[in-house]
Amino acid sequence: IFQASIGPNLVYGSLKDKFLDYTYIALIQEYSYKRGESPFAFDDFNKDSRLKINFKQQIFGPLLFGYKANLNLNIHSNEYGALQNVQYSLGISRRAYSVDFIYDESDEYILLNFNIYNFGYDNLSSAF
C-alpha cells in the first residue's frame, strides 16, 4: 500500500479563556494505492481516497468536544460521498495530560483514551 496525504490544519484560540476559546479543524485529503489483498481483516487497508475531517471545540474550561470522519472521494466506490469511521469524543485536555471518551459510530464501541505529555522534560524547576 502507498498513501499520501495533504491538507490544512487550523487552530484558533489557546485554551486560556474558559468558554469557546479553542477550535481545531483539519481537512486532510488522503490518496491511497493498494496492490494485492491481505487474508487478515486488520491488515486489509481501504484503497479508497478520502477526506479526513477532524474537528475539536472547547466547551468550557478544559472540556473539549470532538468529531472525526472520513468522506469517501473514490467515484468508482459504492460508498462514494458517504461518511465513514465516524467518531465522537468528549474529553479533558490539560498541559500535562488528556483524557478522552470516544464513541465509534460504525463499530459501536466506546474507548477511554489517556495521554501523558512531556516525559523527556529535563528542565526541572526548584519551585513547583
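Just above sits the structure.
Let me sum up the structure you'll find in this document. (Residues numbered from 1 in each chain as written. Predicted model: local features only at pLDDT ≥ 70, side-chain atom pairs only at ≥ 80, totals over all residues. Heavy atoms only, no water.)

### Points about the layout of surface pockets
Turning to step 1, where the next piece is worked out: Roughly 430 Å³ of internal volume is contained in the largest pocket.
Turning to step 2, where the next piece is worked out: Contributing to the lining of the largest pocket are 19 residues, with Arg50, Lys52, Asn70, Gln84 and Asn85 lying nearest its centre.
Turning to step 3, where the next piece is worked out: Mapped onto the lining of the largest pocket, the elements with two or more residues apiece are strand S3 (22-33), strand S4 (50-60), strand S5 (63-72) and strand S6 (83-93).
Turning to step 4, where the next piece is worked out: In terms of residue class, the lining of the largest pocket is made up of 6 nonpolar, 7 polar and 6 charged.
Turning to step 5, where the next piece is worked out: Put simply, the second largest pocket is a space of about 280 Å³.
Turning to step 6, where the next piece is worked out: Taken together, Leu15, Lys16, Asp17, Lys18, Gln58, Gly61, Pro62, Ser93, Arg94 and Arg95 make up the lining of the second largest pocket. (1 Å grid on protein atoms, 1.4 Å probe; cavity = no way out; pocket = protein on both sides within 12 Å on 5 of 7 lines; lining within 4 Å. Points joined across faces, edges and corners; volume = space filled by probe spheres on them. Helix = DSSP H or I, 4+ residues; strand = E, 2+ residues; numbered from the N terminus. Nonpolar A, V, L, I, M, F, W, Y, C, P; charged D, E, K, R; others polar.)

### Observations regarding the packing of aromatic side chains
Turning to step 1, where the next piece is worked out: Summed over all chains, the structure comprises 2 aromatic pairs.
Turning to step 2, where the next piece is worked out: Residues tyrosine 67 and tyrosine 88 carry aromatic rings whose centres are separated by 5.4 Å and whose planes lie at 55 degrees to one another, so their mutual orientation is tilted. One end of the pair, tyrosine 67, is in strand S5; the other, tyrosine 88, is in strand S6, and 21 residues separate them in sequence.
Turning to step 3, where the next piece is worked out: Overall, the relative accessible area of 33% leaves tyrosine 88 in the partly exposed class. (Phe/Tyr/Trp six-rings, centres within 6.5 Å; stacked < 30°, edge-to-face > 60°. Buried < 20%, exposed > 50% of the residue type's maximum accessible area, 1.4 Å probe, protein only.)

### Quick look at the side chain of serine 32
Turning to step 1, where the next piece is worked out: Following the sequence through the fold, serine 32 ends up in strand S3.
Turning to step 2, where the next piece is worked out: Within the structure, the side chain of serine 32 is placed 3.2 Å from the side chain of glutamine 3, a separation counted as a polar contact.
Turning to step 3, where the next piece is worked out: Those residues within four positions of serine 32 in sequence are excluded, and the remaining contacts are Phe2, Gln3, Asn46, Lys47, Asp48, Ser49 and Arg50. (Polar contact = N/O pair within 3.5 Å; in protein donor to acceptor, adjacent residues only side chain to side chain. Contact = heavy atoms within 4.5 Å.)

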